[in-house]
Amino acid sequence: MTQKIQAVRGMNDVLPSESFRWEYFEGVLRALLADYGYHNIRTPIVESTPLFVRSIGEVTDIVEKEMYTFTDSLNGDSLTLRPEGTAGTLRAVVEHNLLYNTTQRLWYMGPMFRHERPQKGRYRQFHQMGVEALGFAGPDIDAEIVAMTADLWRRLGIDQSVALEINTLGNSNERAAHREALIRYLEQHAECLDEDGKRRLYTNPLRVLDTKNPALQALCNAAPRLIDYLGEASRAHYEGWKALLDGLGIAYTENPRLVRGLDYYNQSVFEWVTTDLGAQGTVCAGGRYDGLIEQLGGKPAPGIGFGMGLERVLLLLEAKGRLPETQGTDVYLVHQGEGSVLYSMRLAQALRTAGIRVVMHCGEGSFKSQMRKADASGAAVAVIVGEDEIRTGTAVVKPLRGGDQEQMDLVRVPEAVQRALAD
Ligand code: ATP
Ligand code: MG
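Residues numbered from 1 in each chain as written. Chains lettered and ligands numbered in written order. Predicted model: local features only at pLDDT ≥ 70, side-chain atom pairs only at ≥ 80, totals over all residues. Heavy atoms only, no water.

Caption draft 1: The overall build of the protein, seen in detail. Of regular secondary structure, the protein possesses 16 helices and 16 strands. The C-alpha atoms of the protein give 27 Å as radius of gyration, which overshoots the globular expectation for 423 residues (22 Å, by more than 25%). Principal axes of the C-alpha set define a box for the protein whose edges measure 90 × 60 × 45 Å. Residue burial in the protein is summarised as follows: out of 423 residues, 50% are buried. Considering only contacts within the protein whose residues lie at least 6 apart along the sequence, 69% involve residues at least 24 apart. With the model as given, the accessible surface of the protein reaches about 21100 Å², and the carbon-plus-sulfur share is 50%. Within the protein, one finds 46 positive and 55 negative side-chain charges whose respective centroids are separated by 3 Å. (Helix = DSSP H or I, 4+ residues; strand = E, 2+ residues; numbered from the N terminus. Rg over C-alpha atoms; globule rule 2.2 N^0.38 Å. Buried < 20%, exposed > 50% of the residue type's maximum accessible area, 1.4 Å probe, protein only. Contact = heavy atoms within 4.5 Å. Areas by Shrake-Rupley, 256 points an atom, 1.4 Å probe, with all protein chains shown as cover. Lys, Arg positive; Asp, Glu negative; His and termini not counted. Charge placed at Lys NZ, Arg CZ, Asp CG, Glu CD.)

Caption draft 2: Empty space enclosed by the protein, seen in detail. Taken as a whole and assessed by the stated rule, the structure comprises one cavity of 30 Å³ or more. The computed volume of the largest cavity comes to approximately 30 Å³. Lining the largest cavity are Asp194, Asp196, Gly197, Arg200, Arg207, Val208, Thr211 and Leu216. Per-element accounting of the lining of the largest cavity gives the leading share, three residues, to helix H7 (residues 195-203). Looking at the lining of the largest cavity, its residues break down into two nonpolar, two polar and four charged. (1 Å grid on protein atoms, 1.4 Å probe; cavity = no way out; pocket = protein on both sides within 12 Å on 5 of 7 lines; lining within 4 Å. Points joined across faces, edges and corners; volume = space filled by probe spheres on them. Nonpolar A, V, L, I, M, F, W, Y, C, P; charged D, E, K, R; others polar.)

Caption draft 3: Layout of the site of ligand 1. Lining the immediate surroundings of ligand 1 are 16 residues, of which Arg114, Glu116, Arg122, Arg260 and Thr282 lie closest. The separation between a nitrogen atom of ligand 1 and a polar side-chain atom of Glu116 is 2.7 Å. The side chain of Gln128 places a nitrogen or oxygen atom 3.0 Å from an oxygen atom of ligand 1. Protein contact buries 90% of the 590 Å² of open area that ligand 1 shows by itself. Elements with a contribution of two residues or more to the shell around ligand 1: strand E6 (125-134), strand E10 (282-288) and strand E11 (303-309). Sort the elements by how many residues they give to the shell around ligand 1 and E10 lands first, with three residues. Looking at the shell around ligand 1 residue by residue, the class counts come to five nonpolar, five polar and six charged. (Near = heavy atom within 4 Å. Polar contact = N/O pair within 3.5 Å; in protein donor to acceptor, adjacent residues only side chain to side chain.)

Caption draft 4: Structural context of the sheet that holds strand E4 (residues 78-81). The sheet built from three strands is open, its strands ordered E2-E4-E3 with antiparallel pairing. For this open sheet the edge positions go to strand E2 (46-48) and strand E3 (69-71), each flanked by a neighbour on one side alone. Taken over all neighbouring pairs, the strand axes of this sheet differ in orientation by 35° on average, direction set aside. The strands touched by helix H2 (residues 49-56) within the sheet are E2, E3 and E4, with E2 carrying the most contacts at an inclination of about 75°. (Pairing = 2+ DSSP bridges. Axes fitted to C-alpha atoms, helices over the stretch in contact; angles between N-to-C directions.)

Caption draft 5: Layout of the sheet that holds E11. Here eight strands make up an open sheet; going across it, the order is E1-E5-E6-E11-E10-E9-E7-E8 and the pairing mixed. Two strands in the sheet have a free side with no partner beyond their single neighbour: strand E1 (39-40) and strand E8 (253-254). For E6 and E11, the ladder comprises seven bridges, and the chain directions are antiparallel. What sits directly across from Gln128, in E11, is Gly309. Along the sheet, helix H5 (residues 140-156) makes contact with strand E5 (104-113), E6, strand E7 (163-168), strand E9 (266-273), E10 and E11, crossing E11 at roughly 20°.

Caption draft 6: Fine view of the domain arrangement of the protein. Partitioning the protein into structural domains gives domain 1 (16-170 + 230-319) and domain 2 (331-422). The centre of domain 1, based on its C-alpha atoms, is set 47 Å off from the matching centre of domain 2. (Domains from an automatic or database assignment.)

Caption draft 7: Representation of unusual backbone geometry within the structure. A cis amide bond links Gly138 with the next residue in sequence, Pro139, at an omega value of 5°. Summarising the element assignment, Pro139 is placed in the loop between E6 and H5. With phi around 60°, Asn97 is a residue other than glycine that occupies positive phi space.

Caption draft 8: Fine view of the pattern of salt bridges. What the rule picks out here adds up to 24 salt bridges. A salt bridge links Arg225 to Asp228; its shortest N-O distance comes to 3.4 Å. You can call Arg225 partly exposed: its relative accessible area is 41%. Sharing partners across several salt bridges, the network here consists of Asp35, Asp151, Arg154 and Arg155. (Salt bridge = Lys/Arg side-chain N within 4 Å of Asp/Glu carboxyl O.)

Caption draft 9: Layout of the side chain of Glu84. Note that Glu84 resides in the loop between E4 and helix H4 (86-95). Buried charged residue Glu84 carries no salt bridge. Nearest counter-charge: Arg114, at 6.0 Å. In terms of polar contacts, Glu84 uses its side chain to reach the backbone amide nitrogen of Thr86, at 3.3 Å. A distance of 2.6 Å separates the side chain of Glu84 from the side chain of Tyr264, its partner in a polar contact. When near neighbours in sequence (up to four residues on either side) are disregarded, Glu84 contacts Phe52, Ile56, Met112, Arg114, Gln128, Leu262 and Tyr264.

In structure tokens, the structure reads:
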């Protein structure tokens, strides 16, 4: 036998036994985004490499070691599979001049690629839904974005399983002053730093504080805090954001160590975290990036957004028993006898026109085996057609979870099914 070819490590198939759960979740997301007036944007999965280097930052984990970068053999261009969605979205916004005299509320959803060590909740191809609100200086939009995610957790029934952490990163001058102080502090304690910490001391000292190494916690806790370096405007922005969250009854913890792994963030940043997924606890993360559009060659405009890891939210939904059991169908149509195929197909079509989801039996099969399939399909109702029904222009409607079956004229079938479904 020829050897089988397998999927690439860290890149998963979503099989039919699971895909309906993705569709359920994606459906909730789409409805949410429509309710808040956000518009979908679809950009390519491949972009030119400098886009990510310039926006995400040269000394970030993503750019240093996680990108799938390759050379286009036809022209030598360096291309990269997108590791996140903001860069491509903003590239498209600038390229198509979408901020000309207007603002934009955008969202995207799709696969992202990072070369990480695969584990639960961490994959090499994973999926994100993300939002970018562009042209708004905030903090009203900052609050809207967070309120929208809070609303999502409510709609999904997991609002008790996630917690909001917020922080402010100030503007670039404030960050530079803090950075100096932080480097001085870390230099004094250089002997305590791990390899990652030493490497980042000068390139990305803020990221040193974002370490997951428990041995460094005390050192990090005593480090100079950015909040002490904020000027009046940054302080007001942060206070304004918090006041709106308070007014909306959205609970949060202020986490001065929340810095985000991408360079482009400033001012408001936030993460939704859960303790139910082990180390991979961040399900949604975002913040403001007021300089990024200009950095990508656009006219300066403020922006804020977030990215949500769909796999992680799905793992959480599963852990909390908040996912549907089956894709679900309303009717399984069982039939047998001369002429039953066409008769049943017409009936199935009439039912679908009435908004009823129908799986029609195809192929051979005794009534008994067809009824077994009807049960296994998850349908609430079986509609049954035999020779007697064809002769009299009728069908039998049989509720599968209790209730009496009834033979009736075809015209009455849709209504009878709807009644049975409502029970
Ligand atoms: P982490 O600290 O877990 O590596 P990150 O800071 O790299 O996360 P972001 O770049 O902010 O993550 O991406 C937003 C969200 O995308 C994360 O909060 C997470 O839910 C999800 N995510 C990131 N990387 C992966 C991955 N390799 N596999 C699955 N989901 C991921
Ligand atoms: Mg990461």
